[in-house]
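What follows is the residue order along each chain.
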Amino acid sequence: MQTITHLINGEITTANGRTAAIFNPSTGNIIRQVEMANTERVQQAIIAAKAALPAWRNTPPAKRAQILFRFKQLLEQHEEQIIRLISEEHGKTLEDSAGELKRGIENVDFATAAPELLKGEFNRNAGPDIDSWSDFQAVGVVAGITPFNFPAMVPLWMYPLAIACGNTFILKPSERAPSSALYIAELLSQSGLPKGVLNVVNGDKEAVDCLITSPDVKALSFVGSTLTAEYIYSEGTRHGKRVQALGGAKNHAVVMPDADLNNAASSLMGAAYGSAGERCMAISVAVCVGDQTADALIEKLVPQIQALKIGAGTEYGLDMGPLVTKAHLEKVSGYITDGVNSGAELIVDGRDLSVTGHENGFFIGGCLFDHVTPNMRIYQEEIFGPVLCIVRVSSLEEAIALINAHEYGNGTCVFTNDGEVARLFANEIEVGMVGINVPLPVPVAYHSFGGWKRSLFGDLYAYGPDGVRFYTRRKTITQRWIKRESHEAAQFAFPSHN
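All residue numbers here refer to positions counted from 1 along the written sequence of the relevant chain. Note on the predicted model: pLDDT of at least 70 is required for a residue's local features to be given, and 80 or more for side-chain atom pairs to be given and counted; whole-chain, interface and lining totals, by contrast, use all residues. Note: side-chain values were computed over all heavy atoms of the structure, leaving out hydrogens and water.

### Re the pairing of strand β12 (residues 242-246)
Note the cut-off: Burial classes: relative accessible area under 20% of the type maximum marks a residue as buried, over 50% as exposed, and values in between as partly exposed (1.4 Å probe, protein chains only). By definition, any uninterrupted DSSP run of H or I lasting at least four residues is a helix, any uninterrupted run of E lasting at least two residues is a strand, and each is numbered from the N terminus. Strand pairing is defined by DSSP finding a minimum of two bridges between the two strands. Every crossover in which the path from the first strand over the helix to the second runs clockwise, viewed with the strands pointing away from the viewer, is termed right-handed.
Where burial is concerned, most of β12 is hidden: 4 out of the 5 residues are buried. Relative to β12, strand β11 (residues 217-223) runs parallel, the two sharing 5 bridges. The residue bridging Phe222 from the neighbouring strand is Ala245, located in β12. Between the parallel elements β11 and β12, the chain passes through helix α9 (residues 226-238) in a crossover that is right-handed. Strand direction decides the pairing type here: β12 and strand β22 (residues 456-457), joined by 2 bridges, are antiparallel. Opposite Leu246, over in β22, you have Leu456 as the bridge partner.

Structure below.
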């Protein structure tokens, strides 16, 4: 059986430690195993990254960009291999995997603009014969810890921009779906990246804690659950690191009475059930303003949910694949049972789904609840599965208050044809990413991605302009050349322009 190991100092390592199973969620079978890096293995990666840093930091940004241009070409040439690895280990459909990869490539595109992104700021004569400028310099050795649900895209949020800014990088992918991340890293090595600039270590908490505590790792990027994000943020900052830790979500879509319900229903289908709901930007709550709106929306949703094409993620032409693991399937099923016991009305129940030829796969069908209330667990907690909850309110103001009261503030949207409603919603909602008739308002690569409240720990969003700020440190230089043969008396007052 193939063992997925690590990429350290430009070389794939041999397996010699404990391993964990990698499953194909569509079959329930073990298809590979992954070696779990111990502290010694992670330290090897840190040493390699530290050794590569001086030369890479001083490499002209234009030369760094040339490597990323070649990397982008290889990603596009090897698209089919990459998306099949994603679908095989995650379970998402091939079309969804292709979309994920394309969004990742957009971040490589952005990173190729390093010469422009890293330009400093200059002022001549900031004082008498004094010039002042700001420079943006690499942070050093940085690390990224990424989730199972976007095994290609989220790493591509991080290390292309980090290395474009002159840092060296250690990636710790999810042990549930590690193969695509390692394969993509090998493509970057083939693009001419010097050894040690990008290293990949697979593992679990032992590897993560080593990255957190190492004094040589200067910054950490994380995407995953809120509890882990909070742990990494608190421990990372306690050890003196710069940290951005993106956590969980409970994303609401407000449906107004004037909304185009046909388009709203179609949008909600993709946003709630795409990737089996295993997205931090998935819509899991539809807040309907008025009972008439709720009834009409449900009438449109039910037949579409029942008609979902569900099957093995490694096949084309499907709407939804399985969940990532058996344990997660049981967790999602438990939430549905809890919702029923709490008094919510389960209109569509997908728990009895069986896919012919894949009876041991981790499948669940689309589920729809009505009459969900804020005191229920299915409303309060992130289910991370294909479950959409309908909450009924009487006004837009009530909908905004409901969303603002939730502990998460990742993404939200409103469906309306009223510009005044849209403007009020965008201004008053306490959420980091907002869509107006856009159900998944994931920013493009030249903006930045991040939520509010307990969806983000740290001051800076991922990728885009905030990514540049996260992976660089500002240095301000003030310079004066005194004229030859001149002498000035000492000045003891604090310098100013007055």
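### Side note on the nonpolar core
Cut-off, in case you're wondering: Only buried Ala, Val, Leu, Ile, Met, Phe, Trp, Tyr and Cys residues count toward a nonpolar core, and they belong to the same one when joined by side-chain atoms within 4.5 Å. Domain borders in the structure are assigned automatically or taken from a domain database. Residue contacts are defined here by distance: any two heavy atoms, one from each residue, within 4.5 Å place the two residues in contact.
Counting 67 residues, the largest nonpolar core has Phe71, Leu75, Trp157, Tyr159, Phe169 and Tyr471 as the members making the most contacts within it. Take this core: its biggest share by element is 10 residues, from helix α6 (residues 153-164). No fewer than three residues from each of domain 1 (3-247 + 455-479) and domain 2 (251-436) sit in this core. In this structure Phe169 touches Val142, Ala143, Gly144, Met158, Tyr159, Ala162, Ile163, Val197, Leu198, Asn199 and Tyr471, once residues within four positions along its chain are discounted. Judged by nonpolar contacts, the second largest core, of 66 residues, contains Phe363, Met376, Cys389 and Val421.

### Re unusual backbone geometry
Residues other than glycine seldom take positive phi values, yet Asn125 does so here, at roughly 60 degrees. Positioned with a positive phi, Asn437 is a non-glycine residue whose angle comes to about 60 degrees. Its place among the elements puts Asn437 in the loop between β20 (433-436) and β21 (452-453). Here Asn437 falls in the partly exposed class, since its relative accessible area comes to 38%.

### Let's talk about the environment of Gly464
Structurally, the position occupied by Gly464 is in helix α16 (residues 464-470). When the C-alpha atoms of Gly464 and Pro151 are compared, they prove to be 19 Å apart, with 313 residues separating the residues in sequence. Residues in contact with Gly464, not counting those within four places in the same chain, are Phe110, Leu161, Ala445, Tyr446, His447 and Ser448.

### Topic: the domain arrangement of the protein chain
Let me state the cut-off plainly: Note on definitions: buried area is the accessible-area loss of two parts on being combined, 1.4 Å probe, summed for both. A pairing counts as a salt bridge when a side-chain nitrogen of Lys or Arg comes within 4 Å of a carboxyl oxygen of Asp or Glu. By the criterion applied in these results, polar contacts are pairs of N or O atoms within 3.5 Å in which, for protein atoms, one can donate a hydrogen and the other can accept it, and in which residues neighboring in sequence qualify only through two side-chain atoms.
We note that the domain assignment places domain 1 (3-247 + 455-479) and domain 2 (251-436) within the protein chain. Its C-alpha centre places domain 1 at a distance of 31 Å from the equivalent point of domain 2. Listed as interface residues are 25 residues of domain 1 and, on the opposing side, 28 residues of domain 2. Regarding the contact of domain 1 and domain 2, the summed buried area is about 2,100 Å², with carbon and sulfur atoms giving 56% of it. Arg279 is the partner of Asp96 in a salt bridge, and the nearest nitrogen-oxygen pair spans 3.1 Å. Connecting domain 1 to domain 2 are 13 residue pairs in polar contact (both at pLDDT 80 or more). Contributions of two or more residues to the side of domain 1 that touches domain 2 are made by α3 (79-90) and α4 (94-111). In terms of residue count, the dominant contributor to the side of domain 1 that touches domain 2 is α3 (7 residues).

### Side note on the UniProt feature "domain: Aldehyde dehydrogenase" (unreviewed entry) in the protein chain
Test applied: UniProt positions are given in the numbering used here, feature names are shortened, and annotations may be inferred rather than shown by experiment.
Within this numbering scheme, the UniProt entry marks residues 15-477 as carrying the feature "domain: Aldehyde dehydrogenase" (unreviewed entry). Counted over residues 15-477, helix gives 41% and strand 22%. Its end C-alpha atoms are 48 Å apart.

### Description of the packing of aromatic side chains
Formally: What counts as a ring pair is set by centres within 6.5 Å for rings of Phe, Tyr and Trp (its six-membered ring), and what kind of pair is set by the plane angle: stacked under 30 degrees, edge-to-face over 60, tilted for all other angles. We call a charge positioned over a ring when the NZ of a Lys or the CZ of an Arg lies within 6 Å of the ring centre and within 35 degrees of the ring normal.
Scanning the entire structure with this criterion turns up 9 aromatic pairs. Note on Phe449 and Tyr463: the rings are 6.3 Å apart at their centroids and 35 degrees apart in plane angle, and the pair reads as tilted. In this pair, Phe449 sits in the loop between β20 and β21 while Tyr463 sits in the loop between β22 and α16, placing the two residues 14 residues apart along the sequence. Taking NZ or CZ as reference, Arg242 lies 6.0 Å from the ring centre of Phe470, over its face.

### Description of the sheet that holds strand β5 (residues 29-35)
With mixed pairing, the 3 strands of this open sheet are ordered in space as β1-β5-β4. Unpaired on one side and paired on the other, β1 (3-4) and β4 (19-24) mark the two borders of the sheet. Sheet topology note: the β4/β5 ladder contains 6 bridges and is antiparallel. Counterpart to Asn24 in the pairing with β5 is Asn29.

### What about the pattern of salt bridges?
A full pass over the atoms with the stated rule returns 28 salt bridges. Of the charged contacts in the structure, one is a salt bridge between Glu230 and Arg454, with a shortest N-O distance of 3.3 Å. One end of the pair, Glu230, is in helix α9; the other, Arg454, is in the loop between β21 and β22, with 224 residues separating them in the sequence. Linking Arg377 and Glu381 is a salt bridge whose minimum nitrogen-to-oxygen distance equals 3.2 Å. What emerges from the salt-bridge pattern is a single network uniting Asp291, Asp295, Asp370 and Arg392.

### A closer look at helix α2 (residues 61-77)
Just so we agree on the cut-off: One less than the number of residues in a helix, times 1.5 Å, gives the span that helix is expected to have.
Its 17 residues give α2 an end-to-end C-alpha distance of 25 Å, which sits within 8% of 24 Å, the value for a rise of 1.5 Å per residue. For α2, the full list of buried residues reads Arg64, Ala65, Ile67, Leu68, Phe71, Lys72, Leu74 and Leu75. In this structure, the buried residues of α2 make contact with α1 (39-57), α3, α4, α5 (114-117), α6 and α7 (179-190).

### What to know about the sheet that holds strand β15 (residues 345-348)
As a reminder, the rule being used: Convention adopted: a line fitted to C-alpha atoms gives each axis, helices being fitted over their contacting stretch, and angles between N-to-C directions are expressed from 0 to 180 degrees.
Ordered by their spatial adjacency, 7 strands build an open sheet running β15-β16-β17-β14-β13-β19-β20, and the pairing between neighbours is mixed. On the outer flanks of this sheet lie β15 and β20, each paired with one strand and no other. Ignoring which end each strand starts from, the neighbouring axes of this sheet average 20 degrees apart. Where strand β13 (residues 251-255) and strand β19 (residues 411-415) come together, 4 bridges link them in parallel fashion. Bridge pairing in β19 places His252 opposite Thr412. Against the sheet, helix α14 (residues 396-404) makes contact with β13, β14 (283-289), β17 (387-393) and β19, and its axis sits at roughly 180 degrees relative to β13, the strand it touches most.

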